[in-house]
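Residues per chain, in single letters:
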Amino acid sequence: MLHDPARRAGASEPCDACLRRGFLVGRLATRMADLLERRSGRVAEVLALADADLIASVAGADANAVRSYVEDFDVDAARDCLEAGGVRALCRHQPAYPPQLAVLADAPAVLFVKGAADLSALLGDDIVTVVGTRRPSPYGRTMARELGRGLAAADLRVVSGLAIGIDAEAHRGCLERAGTPIAVLACGPDVVYPRTNCAVYERILEHGLVVSELPPGWRPFRWAFPARNRIMAGLAAMTVVVEAAQPSGSLITSTFASQCGRAVGAVPGLVTSRLAAGTNGLLADGARLVTGAVDIVEELFGVDAGARMAAAPRDSASERSQVGLEPVARRLLDAVEAGHDIDAICLEAGLPAREVRAGLARLEASGHVCRDGLGSYHRAATTSTPALGRIQP
Amino acid sequence: MVPTRAPSRPSVAVVLASAATFALAGVESHEVTVEVDVRRGLPAFTLVGLPDAAVREARERVRAALLNSGLEFPLKRLTANLAPASVRKAGPSFDLALAVALLAASEQLPPDRLRETAVWGELSLGGVLRPGRGALATALGARAAGYARLVVPVENAEEAALAEGLEILAVPSLSRLVDLLHGRWQPEPTPSGMRSRPRSEALDLADVRGQADAKRALEIAAAGAHNLLMIGPPGAGKTMVARRLPGILPPPSLAEALEITRIQGAAGLGDGRLAADRPFRAPHHTTSAQGLTGGGAHPRPGEITLAHRGVLFLDEVAEFSRAALEALRQPLEDGRIEVTRGQRSVGFPARVMLVAACNPCPCARPAQDCRCSEIDRLRYSRRLSGPLLDRIDLVCQATPPPVAELVAPEPCAGECSEAVRARVVAARERQHHRLAGTGALCNAEMDGPLTRRYARLGAEARGLLASAASGPLTGRGHDRVLRLGRTIADLDDRERIATGDVEEALAYRMSSRVAHAA
């Protein structure tokens, strides 16, 4: 990867002031919840304040108690506590702190990191954030997973927020291709939220990193989600939104990304779909149109890299082009793609239910369609994933 | 019903007599001997042998019935025992046996006339015999126990007469029974011609517009007695389709009809005639686990037993309590359920075709208006546990037909139930022929070895199944797909299972791998 070993050698310990600041944010978390519940847009501004100003503007009646907390703060005890929890702290004065994040005015003073991967995974211009709605359509789900796979296969790192839906799919896709997933949380790095994604969380700890601005043990706060989104946007060279309604948290992330001058991409959706309102809006505003990992590579590393990736050998499982399908199968595939249920497919294809079912089973076996938990058929991803291998220059 | 000890010396004032009757246990009956001991002493009537309140009250009914029939109630010390004494006795059906044993013990009946005769019935205070539940079960029990004659109330005679090889004596009252035993009266011969109930007017599949997928799944399910789940939004016609299932099922064979009639008689649902239709039970979703499987202090058949050899339809299956659904798992596999309550355990037959229906999500709105979150959907789909889904062979979609089709003035051109039924009956014939002598009646009842013997696949189909087996199919699922493929081939009147049959079977099978599992 692109990191300078000399810079990494300097990564020793986070400085005391930054560590104190990190725990101060935790100490003020509940106060901030009272204050910021309805003004999420100002979270970044508030978090950019210096310690004294932060206490003065947030702590209110609690200010004196918080000041004495800061004064009595035992740095060594905090370090022991982190070590006991297997959490590493990374302060903005350390060389290992991601520089792309450090350049932001409101960058967190310290990042709390948990997970088996090397901290250098946070460095570099080859990190991509993939975010989207928590209640995706099967299409969004498929695209998120496919992007996760494709990015991991191209040796890019995938950042997401461990939320249910698109986020978790992106992580899963990345894990499927032995990538290094990075999850940025709105709670302490040792807290699994939402609980549903416990299994994904565990696997991310094994193969990647979990990053948070809040010290260990803190539950998620509502204000912490937009704050988390600014870290995701700041870490990545490009932010891709897969499916998002309007308004949505994913759009907050993409706004942060464009504010700090990073590329923004969006996966196009059906105009009639509520879940595509946000992404199609982004495309209208000039976001990069993303139909697969190739588009992201092209945006970040130029047309040549994209072309090389597109030409790379495919794995056989994703050879799913329509070429070579019988006419009947192609008609069925088109009907599934249009979102028809089985009765409608029967009418449209002019076939009895038995043949439609048998044909769909063949398409499922060949990987063209897949079924959801309730037995409805959906088009499987068509974007082909190249075999493992480094694509970018 | 013979005085077991002849009163050789009348001065010794002890007389012992017994009568045989039958008590219902679940849907079967077992023999109970009523012994009466009469001896000199203060007038008293003691009843022993674990009687419940209704049995204990028999003393009062018998006393009044005897006196009102012009017979003598001995003013002596009477002890009646219901043997075997270790089994709890319930219900009023011991009245007649008690009265008869009492008459025999007090020497008001000729002792030799009741050899090989069992008696069964409830008495009114006036001495009239009242009908009871479970006449066929009683008659079958009496036949199995080796009795040649069974005395039953007139109203129960027709049902009891379904048990061939047993003489049924239909008696209206206690005094008539005494006349009969003295040879002064003969009952009218019971019509033993197996009068079937007329087939109920079935709803016709031709009335259903659209629903090609559900109709096909229904036909396959009917042809092999497979379990079926229909998923669709409210108003799509899931219930409408399910209600048409009895119309395409083959009529029960005589043996099956007897089983059905026996269960209905024991539950008090029959009308005494032989069942002509397979049962269709649609319990409400508030039904408890006991309601579905059977239970109670004196175990009574549950819905799954009442649907034996027929259809158990669970509408809104996701709304049933988890305990109730889980309780169905074992009987769905074994075709039988063993209910243990207190000291005893009763087995019920439970060979059903499960048909279930549910909505695609809890809000149950059309897809474009649905705002259910992923968690809501997940929670909803989790109400159907994996093991239950694994026992469902076919999952089909029910979709509301296009409005244009609904408002079309011409009658819809769908196939009528009669035509579908003909195919189903032919498919069942094939299965019956193939499975003769194995104990299984249709494809769904084939066990593992039978499945492997009769559902052979070609190489291509085997490969297809093997690739599916590495994914979402469990071992049970694998066998179920084979059986389903067998039925699809049977419907086409083919002995060989084609690749297309296996493909169709796989497509109807719910993938138990939830797409978004980690």
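What counts and what doesn't
Residues numbered from 1 in each chain as written. Chains lettered and ligands numbered in written order. Predicted model: local features only at pLDDT ≥ 70, side-chain atom pairs only at ≥ 80, totals over all residues. Helix = DSSP H or I, 4+ residues; strand = E, 2+ residues; numbered from the N terminus. Buried ≥ 20, exposed ≤ 12 C-beta atoms within 10 Å, placed from the backbone. Contact = placed C-beta atoms within 7 Å. Axes fitted to C-alpha atoms, helices over the stretch in contact; angles between N-to-C directions. Parallel < 35°, antiparallel > 145°, perpendicular 65-115°, else oblique. Nonpolar A, V, L, I, M, F, W, Y, C, P; charged D, E, K, R; others polar. pLDDT = per-residue confidence, 0-100. Arc of directions from axis to C-beta. Expected span 1.5 Å × (residues − 1). Domains from an automatic or database assignment.

**Digging into the overall build of chain B**
Helix and strand counts for chain B come out as 22 helices and 19 strands. Projected onto its principal axes, the C-alpha coordinates of chain B cover approximately 90 × 50 × 45 Å. For chain B, the residues scored as buried account for 48% of the 518 residues in total. In chain B, 75% of the contacts between residues at least 6 apart in sequence involve partners at least 24 apart.

**As for the packing of helix α7 (residues 212-224) of chain B against helix α21 (residues 475-491) of chain B**
Residues and elements named next belong to chain B. Orientation of α7 relative to α21, taken along the N-to-C sense of each, is 100°, at an axis distance of 9 Å. Taken together, the axis directions place α7 and α21 in an arrangement best described as roughly perpendicular. Only Arg483, Leu484, Thr487, Ile488, Asp490 and Leu491 of α21 make contact with α7, whose side of the interface consists of Glu219, Ile220, Ala223 and Gly224.

**Section: the interface of chain A and chain B**
At the interface, 29 residues of chain A touch 28 residues of chain B. Breaking the side of chain A that touches chain B down by element, the ones donating at least two residues are α11 (198-207), α17 (342-349), α18 (353-365) and β10 (369-371) of chain A. Classifying every residue of the side of chain A that touches chain B gives 13 nonpolar, five polar and 11 charged.

**So, the confidence of the model for chain B**
Residue and element names in this part refer to chain B. On average, chain B scores 85 in pLDDT, and the residues at 70 or more come to 91%. Of all helices and strands in chain B, the one with the weakest mean pLDDT is strand β1 (residues 3-5) (51), whereas strand β15 (residues 311-314) scores best (95). Between residues 6-12, whose pLDDT stays under 50, and residues either more than four places distant or in other chains, the model counts two contacts. Counting interchain partners and residues more than four positions distant, the pLDDT-below-50 stretch residues 512-518 has 14 contacts.

**Quick notes on unusual backbone geometry**
Backbone torsion omega between A:Tyr193 and A:Pro194 reads -5°, so that peptide bond is classified as cis. Inspection of the secondary structure puts A:Pro194 in the loop between β5 (181-185) and α11. A cis geometry characterises the amide bond from B:Ala83 onward to B:Pro84, with omega recorded as 0°. When you line up the elements, B:Pro84 lands in the loop between β5 (77-83) and α3 (95-105).

**Some words on helix α5 (residues 51-59) of chain A**
Residue and element names in this part refer to chain A. Considered for burial, the residues of α5 that qualify are Ile55, Val58 and Ala59. What you see down the axis of α5 is that its buried residues fit within an arc of 90°, all on one side. Counted as exposed and oriented over 90 degrees from the buried face of α5: Ala52 and Asp53. Immediately beyond the C-terminal end of α5, within one or two residues, lies Gly60, with a positive phi of roughly 60°.

**A closer look at helix α18 (residues 417-435) of chain B**
Residues and elements named next belong to chain B. The first and last C-alpha atoms of α18 sit 26 Å apart over 19 residues, in line with the 27 Å expected at 1.5 Å per residue. All of the buried residues along α18 are Ser417, Val420, Val424, Ala427, Arg428, Arg430 and Gln431. The buried residues of α18 occupy an angular sector of 150° when the element is viewed end-on, so they sit on one face. Away from its buried face, by an angle of more than 90 degrees, α18 presents the exposed residues Ala422 and His433.

**Some details on the environment of B:Cys358**
Residues and elements named next belong to chain B. Following the sequence through the fold, Cys358 ends up in strand β18 (residues 353-358). The spatial distance from the C-alpha of Cys358 to the C-alpha of Ile231 is 5.2 Å, given a sequence separation of 127 residues. If sequence neighbours within four positions are ignored, Cys358 has contacts with Ile231, Glu316, Val317 and Ala318.

**Brief notes about the domain arrangement of chain B**
Residues and elements named next belong to chain B. Looking at the assigned domains, one finds that chain B contains domain 1 (3-181), domain 2 (205-402 + 414-421) and domain 3 (446-513). Using C-alpha coordinates to define each centre, domain 2 is positioned 23 Å away from domain 3. Taken together, the 14 residues of domain 2 in the interface contact 14 residues of domain 3. The set of elements that each furnish at least two residues to the side of domain 2 that touches domain 3 consists of α7, α16 (386-390) and β19 (394-397). Here the element with the most residues in the side of domain 2 that touches domain 3 is α7; it accounts for five residues. Split into classes, the residues belonging to the side of domain 2 that touches domain 3 amount to eight nonpolar, three polar and three charged.

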